[in-house]
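Descriptive analysis of the structure
Chain by chain, the residues:
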Amino acid sequence: CFGDRVKDWITFNEPWCSTVLGYCNGEMAPGRKEHPDTEPYTAAHHIILSHACAVRRYRAEFQAEQKGKIGITLNMDWREPLSDKAEDVAAAGRALGWE
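Predicted model, so just to flag it, every value in this text is computed and none were measured.

Here we look at the pattern of salt bridges
Across all of its chains, the model carries five salt bridges by this definition. Measuring nitrogen to oxygen at the nearest pair gives 3.4 Å for the salt bridge that ties aspartate 8 to lysine 69. With aspartate 8 in strand E1 (residues 8-13) and lysine 69 in strand E2 (residues 69-73), this pair connects stretches of sequence that are 61 residues apart. On the accessibility criterion, aspartate 8 (53% relative accessible area) is exposed. Relative accessible area serves as the criterion here: at 56%, lysine 69 is assigned to the exposed category. Among the ionic pairs, glutamate 61 bridges to arginine 57, the shortest N-O distance being 3.2 Å. Here glutamate 61 pairs with arginine 57, and both are found in helix H2 (residues 39-61), just four residues apart, close to one helical turn. Overall, glutamate 61 belongs to the partly exposed group, its relative accessible area being 48%.

Thoughts on the packing of helix H1 (residues 15-23) against H2
Across the interface, H1 lies against H2 with an axial gap of 8 Å and an inter-helix angle of 150 degrees. As the angle between them shows, H1 and H2 are arranged roughly antiparallel. With respect to the hand of their crossing, H1 and H2 are arranged in right-handed fashion. Listed contacts from H2 to Pro15, Ser18, Thr19 and Tyr23 of H1 are Glu39, Pro40, Ala43, Ala44 and Ile47. Tallied by class, the residues present in the contact of H1 with H2 amount to six nonpolar, two polar and one charged.

Considerations on the environment of lysine 33
Residue position: lysine 33 is located in the loop between H1 and H2. Sequence separation of lysine 33 and valine 20 is 13 residues, and the distance between their C-alpha atoms is 9.3 Å. Non-local contacts of lysine 33, meaning those with residues more than four positions away in its chain, are made with Tyr23, Cys24, Asn25 and Gly26.

Cut-offs used in this document
Residues numbered from 1 in each chain as written. Predicted model: local features only at pLDDT ≥ 70, side-chain atom pairs only at ≥ 80, totals over all residues. Heavy atoms only, no water. Salt bridge = Lys/Arg side-chain N within 4 Å of Asp/Glu carboxyl O. Helix = DSSP H or I, 4+ residues; strand = E, 2+ residues; numbered from the N terminus. Buried < 20%, exposed > 50% of the residue type's maximum accessible area, 1.4 Å probe, protein only. Axes fitted to C-alpha atoms, helices over the stretch in contact; angles between N-to-C directions. Parallel < 35°, antiparallel > 145°, perpendicular 65-115°, else oblique. Left-handed = near helix turned anticlockwise from the far one by under 90°. Contact = heavy atoms within 4.5 Å. Nonpolar A, V, L, I, M, F, W, Y, C, P; charged D, E, K, R; others polar.

In structure tokens form, the structure reads like this:
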């Protein structure tokens, strides 16, 4: 429908928000927090599978004619040390390690 005009496609926008905020702490839909040890991982698993399915189908059926690109949009945070002290630099490095 829009393939002749849209050349950049994303399958999911910031899946971390959907999985962690939706299934871990309940801040976003569906607002679940009963099983934070498993549900975010299950949701992420299904997002990855559906992303792969959508990418495969786009590449097989539409990309050659439409000449578009498809991907996923990931979010990330950046941390700066509070000061030049070694412990602040190390803390910022540890925080970035979680991304």
